[in-house]
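Understanding the architecture of this molecule
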Amino acid sequence: MIVDAVRSPIGKKNGTLSHIRGDELSAQVVNALVGRNGVDPAQIEDVHWGCVTQVDEQAWNIGRNVALTAGWPVSVAGTTVDRQCGSSMQTNFNAAATVWSGQLDLVVSGGVEMMSRVPMGSNNGSMSPLVYEHHDIVMQGISAEEIAKQWGLTREELDRIGYESHQRAARAIDGGRFEREVVPIELDVPAPDSGATLVRTRFAVDEAVRRETTLEKMAALQPAFIPDGVVTAGNSSQIVDGSAAVLVASEAKASELGLEPRARFVSFGVVGVDPHLMLHGNPEASAKALAKAGLTWDEIDVIEVNEAFASVVAQFLADTGLQERYEAGDVNPNGGGISLGHPLGATGARITATLVSELERRQARYGLATMCIGFGQAIAAVVERV
Ligand SMILES: CC(C)(COP(=O)(O)OP(=O)(O)OC[C@H]1O[C@@H](n2cnc3c(N)ncnc32)[C@H](O)[C@@H]1OP(=O)(O)O)[C@@H](O)C(=O)NCCC(=O)NCCS
């Protein structure tokens, strides 16, 4: 059961959340999660925490450190999971699987990424030359370009998806659609006129959305990755800071503690795909999750496809035939990584929280969230509102 799902507001690059450590941000998020559900942290058996760049303050098994930073009893275990951009969808999968198998009853799943403080790639990874013998490994932005080329996507199409993302996110914020999922964060930030003075601040609203953007402004942006490319800062996910968490329980535990679950995980699907194109696995992962659930797209009311890049969204819509459902607002109804930002390790739990809120708003039954993953994978989950 998904008892509840919450997230921090997402902070723009070098913005408000760049003044707090990731473990401390996460601690506030998980404390808000248990606090508002009246759960004693001593009841939590394990924290499964997604994080991609596991170095500096995100190193040393931040999953365990989140529980310690939150002031939870030492009995609460914690682990850290790296499935790249799908890390905290994988922690959902792990939490659900441990509950389904009867091994755990109450787990916190979620993640964090402080991309301002711990830059993407700063863990200095490397791969064996044997991998390069078989695969042309490139950075994500190049794969986004390759997808645009192979699927015949134009700059205009990609910019329209980027623009729409900002419009939808702004409408969602203004309409209070994130109220049930966003928990305010308390932190000290330097005063605007005197960096030395710190001011206690309550940060409560997503910060990266560019509500003033226009298609003309977006069309003027230079390609970000290759000179003649179509992928720009305007149609790529933004580099941001954030954390999100989901409280996962067995039915028995939820009932024992008097909790009222909001939804449940129905199924998951993971796939590996060509590491060069890398980001095109969403349709396949979704098909797997749908097959396990015994459902078709027609039965899915709301779909979240992580906006790693607009080309990923366009390729997903083309391959699944869901373009009309996107236009109708059933796919990414409240924006996504392009507008809100994509804090890598936190995004799986973030889109889970957003999906559950949206299913409730529509009083709808089934939702699906899918995410492409670095080096050629994808993960999808079907959830059911209860
Ligand atoms: C694309 C990318 C390289 C751009 O980085 P950046 O240059 O630091 O991005 P910024 O947000 O500073 O935007 C660059 C410029 O474009 C402008 N811009 C961005 N989006 C805009 C929009 N929608 N409308 C108007 N202007 C926009 C910014 O204002 C900025 O202008 P400035 O330089 O005059 O301030 C970076 O966002 C990126 O790498 N994204 C993908 C991350 C990723 O790979 N994640 C994993 C996914 S698999």
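Residues numbered from 1 in each chain as written. Predicted model: local features only at pLDDT ≥ 70, side-chain atom pairs only at ≥ 80, totals over all residues.

**What to know about the overall build of the protein chain**
Along the backbone of the protein chain there are 12 helices and 12 strands. Over its C-alpha atoms the protein chain spans a radius of gyration of 20 Å, differing by no more than 12% from the 21 Å that the globule rule assigns to 386 residues. Expressed as lengths along the three principal axes of its C-alpha atoms, the size of the protein chain is roughly 60 × 55 × 50 Å. Across the 386 residues that make up the protein chain, the buried fraction comes to 55%. Once local pairs closer than 6 in sequence are excluded, the contacts in the protein chain between residues at least 24 apart make up 81%. (Helix = DSSP H or I, 4+ residues; strand = E, 2+ residues; numbered from the N terminus. Rg over C-alpha atoms; globule rule 2.2 N^0.38 Å. Buried ≥ 20, exposed ≤ 12 C-beta atoms within 10 Å, placed from the backbone. Contact = placed C-beta atoms within 7 Å.)

**As for the packing of helix α9 (residues 282–293) against helix α10 (residues 310–320)**
Look at α9 against α10: their axes get within 9 Å of each other, and the N-to-C directions meet at 50°. Taken together, the axes of α9 and α10 are oblique relative to one another. Along its contact with α9, which presents Asn282, Pro283 and Ser286, the element α10 presents Val312, Phe316, Asp319 and Thr320. Of the residues assigned to the contact of α9 with α10, the class counts are 3 nonpolar, 3 polar and 1 charged. (Axes fitted to C-alpha atoms, helices over the stretch in contact; angles between N-to-C directions. Parallel < 35°, antiparallel > 145°, perpendicular 65-115°, else oblique. Nonpolar A, V, L, I, M, F, W, Y, C, P; charged D, E, K, R; others polar.)

**Focus on the environment of alanine 254**
Relative to the assigned elements, alanine 254 resides in helix α8 (residues 251–256). Alanine 254 gets classed as buried once you count the C-beta atoms within 10 Å, which come to 21. Residues alanine 254 and isoleucine 20, spaced 234 residues apart in sequence, show a C-alpha to C-alpha distance of 33 Å. Those residues in contact with alanine 254 that sit more than four places away from it in its chain are Met1, Val3, Ala249, Leu259 and Pro261.

**Notes on α10**
Of all 11 residues in α10, 8 are buried; the element is thus mostly enclosed. Those residues of α10 not exposed but buried are Ala310, Ser311, Val312, Val313, Ala314, Gln315, Phe316 and Leu317.

**What about unusual backbone geometry?**
Positive phi outside glycine occurs at methionine 278, with the angle close to 65°. The residue methionine 278 is located in the loop between β9 (263–272) and α9 in this model.

**Remarks on the pairing of strand β12 (residues 377–385)**
Looking down a regular strand, the side chains alternate between one sheet face and the other. Most of β12 sits inside the fold, with 8 of its 9 residues counted as buried. Relative to β12, β9 is paired through 9 bridges, and the arrangement is antiparallel. Across the sheet, glycine 269 pairs through a bridge with alanine 380, a residue of β12. Linking strand β11 (residues 366–373) back to β12 in an antiparallel pair, the connection comprises 3 residues, with phenylalanine 375 at a positive phi of about 65°. (Pairing = 2+ DSSP bridges.)

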